[in-house]
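Chain by chain, the residues:
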Amino acid sequence: MGLHGVKAVFFDLDNTLIDTAAAGRRAIEEGLPLSLERSGVMNALQSKHRYGEGEARAVCDKVQAKLLKECHDPAKMCITDLRISHWEEAIQETIGGEANRDLAAECYYLWKTTRLQHLTLAEDTRAMLTELRKGLRLLLLTNGERQTQREKIEACACQPYFDAIVVGGEQKEEKPAPSIFHYSCDLLGVQPGECVMVGDSLDTDIQGGLNAGLKATVWLNKAMTAPVDTAPVPHYIISSVLDLPEVLQKMEHNINAKLETDRMASSNE
């Protein structure tokens, strides 16, 4: 698929190409398929450490809340230590008593390992990327701490489907800063006006694409919820990433129609 005026598509990773949120939930609830002795964090806290179901749930809920509010400065602490601290604090806040770093580390590594095992790039998504790449340059553009994002990329084995991969934690600024988008354009040898950004976040993906002057932004809104009035307005909205080729075809049709209108106007002068 070659498009007039569109040469590249930038894809977000988390909850766009892979369902990171679902993998995180499964790491809390489920077991590791490779080991009968170990299970999801909830089960491990209950069966191995004799926590009540309510206590185990409270610990996990507190950690999820801490992850959502997480502010990480790699110059001060590595991501592993920070996330073990999330578990340590959650356990102490729920159970009381002395901090238990060993248990916190056990919970963190169990959660992390299980989550990575559930991060997969679906077969139909792989097929779509393969087809798109026949006529377009594709770039993965993800925010997040370097080690964490690189581990996810490795886990879902998405590298072969992209011409370049840009991780926010490796750059001076992350999405929605224009600089990371312009850096991505330079990597592919394209102009911002030749690129489309696809992602699930209005605040980072869509606002960033608008800030950088990209040709179009495509918001993945799986729940098809209405954005708040103050949210940035995407050019297109899809409920599945698999709907993207249809959007790109619509863009091509609109571009061709405009070119034809301009040609006819020019010939009539």
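All figures in this text were calculated on a predicted structure; none of them were measured in a lab. (Residues numbered from 1 in each chain as written. Predicted model: local features only at pLDDT ≥ 70, side-chain atom pairs only at ≥ 80, totals over all residues. Heavy atoms only, no water.)

Peer 1: Break down the environment of Gln191 for me, citing the residues and quoting the values.
Peer 2: Along the polypeptide, Gln191 turns up in the loop between α8 (178-188) and β4 (195-199). Under the relative-accessibility criterion, Gln191 is labelled exposed at 52%. (Helix = DSSP H or I, 4+ residues; strand = E, 2+ residues; numbered from the N terminus. Buried < 20%, exposed > 50% of the residue type's maximum accessible area, 1.4 Å probe, protein only.)

Peer 1: Before we move on, could you go through the domain arrangement of the chain and cite the residues and values that matter?
Peer 2: One can read the domain layout of the chain as domain 1 (8-18 + 120-267) and domain 2 (20-118). Here the C-alpha centroids of domain 1 and domain 2 sit 32 Å apart. On the side of domain 2, 11 residues touch domain 1, which itself brings 10 residues to the contact. Both faces combined, the contact of domain 1 with domain 2 buries some 820 Å², and carbon together with sulfur accounts for 48% of it. Among the residues domain 1 hides against domain 2, the three largest losses belong to Glu145, Thr148 and Glu151. Together they make up 39% of the total. Our enumeration of links across domain 1 and domain 2 arrives at 1 salt bridge. Here Lys112 and Glu151 are joined by a salt bridge, their closest N and O atoms 3.0 Å apart. Its residues placed into classes, the side of domain 1 that touches domain 2 shows 2 nonpolar, 4 polar and 4 charged. (Domains from an automatic or database assignment. Contact = heavy atoms within 4.5 Å. Buried area = accessible area lost by both parts, 1.4 Å probe. Salt bridge = Lys/Arg side-chain N within 4 Å of Asp/Glu carboxyl O. Nonpolar A, V, L, I, M, F, W, Y, C, P; charged D, E, K, R; others polar.)

Peer 1: For the packing of helix α3 (residues 53-68) against helix α4 (residues 79-95), give the residues involved together with the corresponding values.
Peer 2: At their nearest, the axes of α3 and α4 sit 9 Å apart, and the two run at 135 degrees to each other. On the basis of the axis angle, α3 is oblique to α4. Between α3 and α4 lies a crossing of right-handed hand. Here α3 contributes Glu55, Ala58, Val59, Cys60, Lys62, Val63, Lys66 and Leu67 to the contact with α4, which in turn contributes Arg83, His86, Trp87, Glu89, Ala90, Ile91, Glu93, Thr94 and Ile95. When its residues are assigned to classes, the contact of α3 with α4 shows 9 nonpolar, 2 polar and 6 charged. (Axes fitted to C-alpha atoms, helices over the stretch in contact; angles between N-to-C directions. Parallel < 35°, antiparallel > 145°, perpendicular 65-115°, else oblique. Left-handed = near helix turned anticlockwise from the far one by under 90°.)

Peer 1: Give me α3: which residues, what numbers.
Peer 2: Since the α-helix turns once every 3.6 residues, residues separated by three or four places project in the same direction. Across its 16 residues, α3 extends 23 Å between first and last C-alpha, which sits within 8% of the 22 Å expected from 1.5 Å per residue. Of all the residues in α3, the buried ones are Ala56, Val59, Cys60, Val63 and Lys66. All buried residues of α3 project into a common sector of 120 degrees when viewed along the axis, lining one side. Opposite its buried face, α3 presents the exposed residues Glu53, Gly54 and Leu68, each directed more than 90 degrees away. Close packing links the buried residues of α3 with α1 (20-29), α2 (41-47) and α4. (Expected span 1.5 Å × (residues − 1). Arc of directions from axis to C-beta.)

Peer 1: So what's going on with the packing of helix α5 (residues 101-117) against helix α7 (residues 146-156)? Which residues, and what values?
Peer 2: With their axes 9 Å apart at the nearest point, α5 and α7 run at an angle of 40 degrees to one another. Classified by the angle between their axes, α5 and α7 sit oblique to one another. Contact residues: Lys112, Arg115 and Leu116 in α5; Gln147, Thr148, Glu151, Lys152 and Ala155 in α7. Classifying every residue of the contact of α5 with α7 by side-chain character gives 2 nonpolar, 2 polar and 4 charged.

Peer 1: Before we move on, could you go through the sheet that holds strand β3 (residues 164-167) and cite the residues and values that matter?
Peer 2: If you walk across this open sheet you meet the 6 strands as β3-β2-β1-β4-β5-β6, and the pairing is parallel. Each edge of the open sheet carries a strand with a single partner, namely β3 and β6 (236-238). Here the average twist between neighbouring strands, direction ignored, is 20 degrees. For β4 and strand β5 (residues 216-220), the ladder comprises 4 bridges, and the chain directions are parallel. Residue pairing across strands places Val198 opposite Val218, the latter belonging to β5. (Pairing = 2+ DSSP bridges.)

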